[in-house]
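# Breakdown of the fold
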Amino acid sequence: MPAHASPADLYRRSLQLLLDKNISAWVGLWAEDGIMEFPFAPQYWPKRLDGKEAIAAYMHHYPDHIDLHDFPEVQIHDTTAPDTIVVEMRGVGRLVETESPFDMRYIAVVTVHDGRITSYRDYWNPTILQEPSTDFARSAR
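Just so it is clear, the structure is predicted and the values come from calculations on it, not from any experiment.

### What about the pairing of strand β4 (residues 84-95)?
- Summarising burial for β4: nine of the twelve residues are buried, a large majority.
- In the sheet, strand β3 (residues 66-78) pairs with β4 via ten bridges, with the strands oriented antiparallel. If you follow histidine 77 over to β4, its bridge partner there is valine 86.
- The turn linking β3 back onto β4 is made up of five residues.
- In the sheet, β4 pairs with strand β5 (residues 101-113) via eleven bridges, with the strands oriented antiparallel. What sits directly across from glutamate 88, in β5, is isoleucine 107.
- Following β4, the chain reverses through five residues before pairing antiparallel with β5; glutamate 99 in that reversal takes a positive phi of roughly 65°.

### Considering the sheet that holds β5
- A sheet is described by the order of its strands in space; here six strands give the open sequence β2-β1-β6-β5-β4-β3, paired in mixed fashion. What marks the edges here is a single partner per strand, and that holds for β2 (48-50) and β3. Across the sheet, the mean angle separating the axes of adjacent strands is 20° when strand polarity is ignored.
- Where strand β1 (residues 30-37) lies against β2, three bridges are found, and the strand directions are antiparallel.

### A look at the environment of alanine 31
- Following the sequence through the fold, alanine 31 ends up in strand β1.
- A residue is classified by how much of its surface remains accessible, and alanine 31, at 12% relative accessible area, is buried.
- In sequence terms alanine 31 and isoleucine 117 are 86 residues apart; their C-alpha atoms lie 5.7 Å from each other.
- With near-sequence residues (within four places) excluded, alanine 31 lies in contact with Lys52, Arg116, Ile117 and Thr118.

### A few points about the side chain of threonine 84
- Turning to its location among the elements, threonine 84 is positioned in strand β4.
- Threonine 84 gets classed as buried once you look at its relative accessible area, which sits at 15%.
- Ignoring any residue separated from it by four or fewer positions in sequence, one finds threonine 84 in contact with Asp78, Thr79, Val109, Val110 and Thr111.

### Considering the environment of proline 72
- When you line up the elements, proline 72 lands in strand β3.
- By relative accessible area, proline 72 is classed as partly exposed at 40%.
- Separated by 18 residues in sequence, proline 72 and arginine 90 have C-alpha atoms that sit 6.3 Å apart.
- In this structure proline 72 touches Arg90 and Val92, once residues within four positions along its chain are discounted.

What counts, and where the lines are drawn
Residues numbered from 1 in each chain as written. Predicted model: local features only at pLDDT ≥ 70, side-chain atom pairs only at ≥ 80, totals over all residues. Heavy atoms only, no water. Buried < 20%, exposed > 50% of the residue type's maximum accessible area, 1.4 Å probe, protein only. Helix = DSSP H or I, 4+ residues; strand = E, 2+ residues; numbered from the N terminus. Pairing = 2+ DSSP bridges. Axes fitted to C-alpha atoms, helices over the stretch in contact; angles between N-to-C directions. Contact = heavy atoms within 4.5 Å.

Given below as structure tokens:
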């Protein structure tokens, strides 16, 4: 994405790349020193990933576990900080191993600088881990 792309445009692009299961291109949207945080992560799951390499390792097997089909609800809110957005969204699909439905609501706080994601705080629902085959972060622990 061009450096002049808005945070909202960059975020929408990131969602399309997840739907396309193009994790390497998704990781390519990140700054080298980007930080991804999971404030509600349960015990034994990463709470923070420092750097593009750690984020790539965390996301590498995501499509093998969660087959995203759509983000039917996405609301992007501007903030008083021009490089930061707050996103409310819902992702739907299936859990690959069990063929069970996947339906998750998220809130994310995302900061972009020079056309790259520099900070992403992902407030996802950890109760989804009660479902089999959701442990895509095994390699990142």
